[in-house]
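# Descriptive analysis of the structure
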Amino acid sequence: MAAVIPLSLQAEQAALRIMARCDSLAELSETPGQLTRVYLSAQHMQANRRVGEWMTEAGMTTWQDSVGNICGRYEGQDPQAPALLLGSHLDSVRNAGRYDGPLGVLTAIEVVAYLSAQGIRLPMAVEIVGFADEEGTRFGITLLGSRGLTGSWPQHWLQCRDAQGVTVAEAMLGLGMNPVDILSAQRGINDFCAYLELHIEQGPCLQAADLPLGVVSAINGARRLNCRFTGHAGHAGTVPMGQRQDALAAAAEWMLAIETTTSARGHNLVATVGQIESFPGAVNVIPGEVKLTLDVRGPEDENLCALLASLLQQANAIAGRRGLTFDAEQFYGIKATACDQALQQRLANSVAALQGESMSLPSGAGHDAIAIAERWPVGMLFVRCKDGISHHPDESVTTRDVAYATQAYINTVLSFNQ
């Protein structure tokens, strides 16, 4: 892969700062020897203060909002114009990598630092937000920071408890925050014109294509179900093969059908059986009941729903043919989030100019852009990560790829100056 436009010295220097700052933030962890930084923890506040200092150095005014997001603003030519919002999250899963989330925040800061150093004021202001909680690690509820901006924070979230029994409201009070004020984080519909988020891919597609960057077309919708095949347990030695109602054999047949059907349908659809339990679970007993989960994802709801309907139909057919019953209950669902076409094109133009082509790909993981897209147009830029590993200490990006990402991000933001 050869660049069409050489990287600027500013982008290369910015990448070195970004990598060093990712290392700096990784030190803020509640677990020695690991990276764990959860919502409303001491480490969360420390990260906000550190990132706020870097925002100030870049020429921004900063504040922490009522749900714990760290925010910065770089003024434009017209203070009344809807601002361009950049961001990602600063929290982590347990025993995390150091780039999922923070890379997007720190790269955005470098974009503003470039504008400030060059004396460039866009027609609109640029705001950056380091979202407080995207992962949901502590309280089991996700996108708390971004839903603070959209004003879609349910009141019952304040009573959600962590593993120690502490509620969200209690944790806020412990940090001097007032739970009554959470709605003051909400931003007006005319406050922003668009949202851009840079993130590691968390998958292997860019590495397979030998490309540093890709443009996200959509964030996958998802459906999760608890499923069950029910047959009859029997003696493993006395029931003939043709007379069995083996729930595990039925589940195995369906799992192969899931793999074959999903692969054949294309459309970037994926399906996974992640958990399976067989009962009674004895070596010499034919399984009479099998419980298993199904996770189906895709970037377009119509194709996703059609795949799920087909898979459930096949499960019922398998059960009927084998003399079993099948039932399934959905316990989680989220719609696909399409990225704005115009923002995709802006990003693609910047990426193609740097690496000769622009690859479009969906995101299989969720992001703050899901919540933000409910009110404002969103666009996402993916950065290659080694072997697609994420949510793990082995999460890795190269300084060179981060330099490409920074240059593409700067060029995309500059396109709003036209």
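The coordinates are above.
Residues numbered from 1 in each chain as written. Predicted model: local features only at pLDDT ≥ 70, side-chain atom pairs only at ≥ 80, totals over all residues. Heavy atoms only, no water.

### Considerations on the overall build of the protein chain
For the protein chain, the helix and strand inventory stands at eleven helices and 16 strands. Radius of gyration (C-alpha) of the protein chain: 24 Å, near the 22 Å computed for a compact globule of 418 residues. Taken along the three principal axes of its C-alpha coordinates, the protein chain extends 85 × 50 × 40 Å. Each of the 418 residues in the protein chain was classed as buried or not, and the buried ones make up 52%. Here the protein chain has roughly 17500 Å² of accessible surface; of this, 50% comes from carbon and sulfur atoms. For the protein chain, the centre of its 28 positive side-chain charges and the centre of its 42 negative side-chain charges are spaced 2 Å apart. (Helix = DSSP H or I, 4+ residues; strand = E, 2+ residues; numbered from the N terminus. Rg over C-alpha atoms; globule rule 2.2 N^0.38 Å. Buried < 20%, exposed > 50% of the residue type's maximum accessible area, 1.4 Å probe, protein only. Areas by Shrake-Rupley, 256 points an atom, 1.4 Å probe, with all protein chains shown as cover. Lys, Arg positive; Asp, Glu negative; His and termini not counted. Charge placed at Lys NZ, Arg CZ, Asp CG, Glu CD.)

### Remarks on helix 7 (residues 247-265)
Over its 19 residues, helix 7 runs 27 Å from end to end, which matches the ideal 27 Å to within 8%, given 1.5 Å per residue. Residues of helix 7 that are buried make contact with strand 7 (221-230), strand 9 (270-272), strand 10 (276-279), strand 12 (289-298), helix 8 (301-322) and strand 13 (325-334). A side-chain oxygen of the first residue of helix 7 lies 2.9 Å from the backbone nitrogen of Leu248; this N-cap is Asp246. At the C-terminal side of helix 7, Gly266 shows a positive phi close to 70 degrees. (Expected span 1.5 Å × (residues − 1). Contact = heavy atoms within 4.5 Å. Polar contact = N/O pair within 3.5 Å; in protein donor to acceptor, adjacent residues only side chain to side chain.)

### Looking at the side chain of Glu135
The residue Glu135 is located in the loop between strand 4 (126-131) and helix 4 (144-150) in this model. Notably, Glu135 is buried but unbridged: the nearest opposite-charge side chain belongs to Arg37, and the N-O separation is 9.6 Å. Polar side-chain contacts of Glu135 include one of 3.2 Å to the side chain of His391. The residues touching Glu135, leaving out its near neighbours within four places in the chain, are His89, Asp91, Ser92, Val93, Asp100, Thr142 and His391. (Salt bridge = Lys/Arg side-chain N within 4 Å of Asp/Glu carboxyl O.)

### Brief notes about the environment of Asp340
When you line up the elements, Asp340 lands in the loop between strand 14 (337-338) and helix 9 (341-355). On the basis of relative accessible area, Asp340 is assigned to the partly exposed category, the value being 27%. The spatial distance from the C-alpha of Asp340 to the C-alpha of Ala125 is 20 Å, given a sequence separation of 215 residues. When neighbours within four sequence positions are excluded, Asp340 is seen to be in contact with Pro377 and Val378. At 3.1 Å, the side chain of Asp340 and the backbone nitrogen of Ala342 are in polar contact.

### Considering the packing of helix 3 (residues 102-118) against helix 11 (residues 399-414)
At a minimum axis distance of 9 Å, the contact between helix 3 and helix 11 shows a crossing angle of 55 degrees. Comparing their axes, helix 11 and helix 3 come out oblique. Once helix 3 is placed against helix 11, the crossing between them reads as right-handed. Here Leu103, Gly104, Thr107, Ala108, Glu110, Val111, Tyr114 and Leu115 of helix 3 lie close against helix 11, whose contacting residues are Val402, Thr406, Tyr409, Ile410, Val413 and Leu414. Of the residues assigned to the contact of helix 3 with helix 11, the class counts are ten nonpolar, three polar and one charged. (Axes fitted to C-alpha atoms, helices over the stretch in contact; angles between N-to-C directions. Parallel < 35°, antiparallel > 145°, perpendicular 65-115°, else oblique. Left-handed = near helix turned anticlockwise from the far one by under 90°. Nonpolar A, V, L, I, M, F, W, Y, C, P; charged D, E, K, R; others polar.)

### Some details on the nonpolar core
By size, the foremost hydrophobic cluster in this structure holds 57 residues, and its most contacted members are Val51, Leu86, Leu103, Ile109, Ile128, Leu196 and Val413. Grouped together as the second largest cluster of nonpolar side chains are 24 residues, Leu149, Leu206, Leu361 and Val378 included. (Core = buried A, V, L, I, M, F, W, Y, C linked by side-chain atoms within 4.5 Å.)

### Some remarks on the packing of helix 2 (residues 42-57) against helix 3
The interhelical angle for the contact between helix 2 and helix 3, taken along N-to-C directions, is 20 degrees, at an axis separation of 9 Å. Considering their axes alone, helix 2 and helix 3 lie roughly parallel with respect to each other. Handedness of the crossing formed by helix 2 with helix 3: right-handed. Across the interface between the two elements, Val51, Trp54 and Met55 from helix 2 touch Val105, Leu106 and Ile109 from helix 3.

### Describing the packing of aromatic side chains
The full count for this structure, using the stated rule, is seven aromatic pairs. A connected cluster of aromatic rings, assembled from ring pairs, spans Phe229, Trp254 and Phe326. For Arg224, the ring lying beneath its charged end belongs to Tyr332, and the centroid distance is 4.5 Å. Across from the ring centre of Phe416, 3.9 Å away, lies the NZ or CZ of Arg346, which sits over that ring. (Phe/Tyr/Trp six-rings, centres within 6.5 Å; stacked < 30°, edge-to-face > 60°. Lys NZ or Arg CZ within 6 Å of the ring centre and 35° of its normal.)

### Describing the pattern of salt bridges
Evaluation of the coordinates by the stated rule reveals 22 salt bridges. Glu127 is the salt-bridge partner of Arg73, the closest N and O atoms lying 2.7 Å from each other. Here the residue Arg73 occupies a position in strand 2 (residues 70-74), and Glu127 occupies one in strand 4, the gap between them amounting to 54 residues. An identical accessibility class is assigned to Arg73 and Glu127; each is buried. Across the pair Arg297 and Asp295 runs a salt bridge whose closest N-O atoms are separated by 2.9 Å. What makes Asp295 buried here is its relative accessible area of 16%. If you follow the salt bridges from partner to partner, you end up with Arg73, Glu75, Glu127, Arg187 and Asp191 in one network.

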